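What follows is each chain in one-letter form.
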Amino acid sequence: RARLVDMLIGDASRHEDQWRWATFDKDGQTIYRPIPRDRDQAYAQFDGVLVKFILSAANLGYLQTFSDVIPDVRLNNFPARNLDRRMANETTMEQWASTAKELQVSITDKVIETAVKKLPPEVFAVSGEKMIRSLKSRRDDLLRCATDYYLFLAREVDVAGTEENEFFYIKRMNNEDEMVSITGIDKSGRLKHKAVYERVFKRNETDEIRLYGINGNDTYLLEGETDNSIMVRIVGGKGK
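Reference entry: report on the structure contained in this document. As the structure is a prediction and not an experimental result, all values here were calculated from the model.

## A word on the pairing of strand β7 (residues 208-212)
Pairing analysis gives 5 bridges linking strand β3 (residues 156-160) to β7, with the strands arranged parallel. Residue Ala160 lies in a different strand from β7, and its bridge partner there is Tyr212. As paired elements, β7 and strand β9 (residues 231-235) share 5 bridges and run parallel to each other. Paired with Arg210 across the bridge in β9 is Arg233.

## Some details on helix α1 (residues 2-9)
Most of α1 sits out of view: 6 of its 8 residues are buried. Taken together, the buried positions of α1 are occupied by Arg3, Leu4, Asp6, Met7, Leu8 and Ile9. Lining the buried residues of α1 we find β1 (19-26), α3 (73-76), α4 (81-87), α5 (93-106), α7 (121-140) and α8 (142-155). Downstream of α1 by a residue or two, Gly10 has a phi angle that is positive, lying close to 75 degrees.

## Quick notes on the packing of α1 against α5
Contact geometry for α1 and α5: axes closest at 10 Å, N-to-C directions at 55 degrees. The angle between α1 and α5 places the two elements in the oblique class. Where α1 crosses over α5, the handedness of that crossing is right-handed. Contacts between α1 and α5 pair Arg3, Leu4 and Val5 from the former with Trp96, Thr99, Ala100 and Leu103 from the latter. Considering only residue class, the contact of α1 with α5 consists of 5 nonpolar, 1 polar and 1 charged.

## Details of the side chain of Asn89
By secondary structure assignment, the location of Asn89 is in the loop between α4 and α5. Given a relative accessible area of 9%, Asn89 falls into the buried group. Among the polar contacts listed, one links the side chain of Asn89 to the backbone oxygen of Arg86, at a separation of 3.5 Å. Those residues within four positions of Asn89 in sequence are excluded, and the remaining contacts are Asp84, Val157, Asp158, Val159, Tyr197 and Arg199.

## Thoughts on the packing of aromatic side chains
For the coordinates displayed, the defined rule picks out 5 aromatic pairs. A centroid spacing of 6.2 Å and a plane angle of 10 degrees characterise the contact between Phe167 and Tyr169, whose relative ring orientation is stacked. Exposure class is identical for Phe167 and Tyr169. Each is buried. Over the face of the ring belonging to Phe24 we find Arg33, whose NZ or CZ atom lies 5.9 Å from the ring centre.

## Describing the pairing of β1
Relative to strand β2 (residues 29-36), β1 is paired through 8 bridges, and the arrangement is antiparallel. The partner of Lys26 across the bridge, within β2, is Gln29. Where β1 folds back onto β2 in an antiparallel hairpin, the turn is made up of 2 residues, including Asp27, whose phi is positive at roughly 55 degrees.

## Focus on the nonpolar core
Among the nonpolar cores identified, the biggest contains 27 residues, and Leu4, Trp96, Val116 and Leu135 are the most heavily contacted of them. Listed by contribution, the elements that provide at least two residues to this core are α1, α5, α6 (109-116), α7 and α8. If you tally residues by element for this core, the top one is α8, at 7 residues. Leave out the neighbours within four places in its chain, and Leu4 touches Trp96, Thr99, Ala100, Leu103, Leu142 and Ala146. Listed in part, the 12 residues of the second largest apolar core include Val157, Val159, Ile182 and Leu211.

## Description of the packing of α1 against α8
In a packed pair of helices, the relevant descriptors are the angle between the two axes and the axis-to-axis distance. Contact geometry of α1 with α8 gives a least axis separation of 11 Å together with a crossing angle of 120 degrees. Comparing the axis directions of α1 and α8 gives the class oblique. Here α1 runs over α8; the crossing is right-handed. The segment α1 lies against α8, with Arg3, Leu4 and Met7 engaging Leu142, Cys145, Ala146 and Tyr149. Considered class by class, the residues forming the contact of α1 with α8 number 6 nonpolar, no polar and 1 charged.

## Things to note about the side chain of Asp6
For Asp6, the location among the structural elements is in helix α1. Sequence-distant contacts of Asp6, defined by excluding residues within four places in its chain, comprise Asp11, Arg14, Trp19 and Arg39.

The rules behind the values
Here, residues in each chain are numbered from 1, in the same order as that chain's written sequence. Whole-chain, interface and lining totals are the exception, using all residues; otherwise, since this is a predicted model, local features are given only for residues with pLDDT of at least 70 and side-chain atom pairs are given and counted only at 80 or more. Hydrogens and water molecules were not included; the side-chain quantities draw on all heavy atoms of the structure. Here, strands pair whenever DSSP counts at least two bridges between them. Only runs of H or I of at least four residues qualify as helices and only runs of E of at least two qualify as strands under DSSP, and these elements are numbered from the N terminus. Only protein chains enter the area calculation, which uses a 1.4 Å probe; residues under 20% of their type maximum are buried, those over 50% are exposed, and those in between are partly exposed. Contacts: residue pairs with any heavy atoms within 4.5 Å of one another. Interaxial angles span 0 to 180 degrees and are taken between N-to-C directions of axes, which are lines fitted to C-alpha atoms, for helices over the stretch in contact. Roughly parallel means an angle under 35 degrees; roughly antiparallel means over 145; roughly perpendicular covers 65 to 115; every other angle is labelled oblique. Helix crossings get a hand from a simple test, with the near helix turned counterclockwise from the far one by less than a right angle marking a left-handed crossing and a clockwise turn marking a right-handed one. Classification convention: Asp, Glu, Lys, Arg as charged; Ala, Val, Leu, Ile, Met, Phe, Trp, Tyr, Cys, Pro as nonpolar; all other residues, Gly among them, as polar. N or O atoms closer than or at 3.5 Å make up a polar contact, with two conditions inside protein: a donor-capable atom paired with an acceptor-capable one, and, for residues adjacent in sequence, both atoms drawn from side chains. Aromatic rings from Phe, Tyr and Trp, taking only the six-membered ring of Trp, are treated as a pair when their centres fall within 6.5 Å; an angle between ring planes under 30 degrees marks them as stacked, one over 60 as edge-to-face, and anything in between as tilted. By definition here, charges over rings are those cases where NZ of Lys or CZ of Arg is within 6 Å of the ring centre and within 35 degrees of the ring normal. Residues enter a nonpolar core if they are buried and are Ala, Val, Leu, Ile, Met, Phe, Trp, Tyr or Cys, with the set joined through side-chain atoms within 4.5 Å.

Here it is as structure tokens:
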């Protein structure tokens, strides 16, 4: 949801340092929620031939002017590529789409107009109406952008374990679907009750899955015979 809001307001500079994390205790688990900060690129305006030349020369093409159209989401989210590949590697197409639809419903025309009219009158007179028009247009385009960005992230997926012992299970279900799960292994060698990662990958979306053990005494099990399957790379890490 936070990433889709970034696309809505045109904030391209969303690298790792642009976030803080709030923690909540729930049912014996710690839940982390992202807190966006440093909105210095939102509603940005890059005018003039010299500015565009400098951005191009400095390899900053992902910084694009806020307009009625959301630009190429793959380019526009370039600073966030590493964070998204790590943090959104379990999110499905359905989750991206449903979240986009929720935002489209909740961010109504009235919400946009009320928010932009809170600008100082001097600023609103210059760009207020344009911002309202652009936000409405970009909101209406969120579902397409969510789908496009999901497919970009889903093409090659990195799945990392931890420093602890874990069980990586890869099940080739059929020629189209491949399930990957990661479950912790306790000190007695038994699997913990709940998987820390689980996702069914589709061959028409994903070309390659990369599993990183990181560390610990990990176990990898691959099952299932198929004529075609997604490429799986296993990088064991420093442990056994």
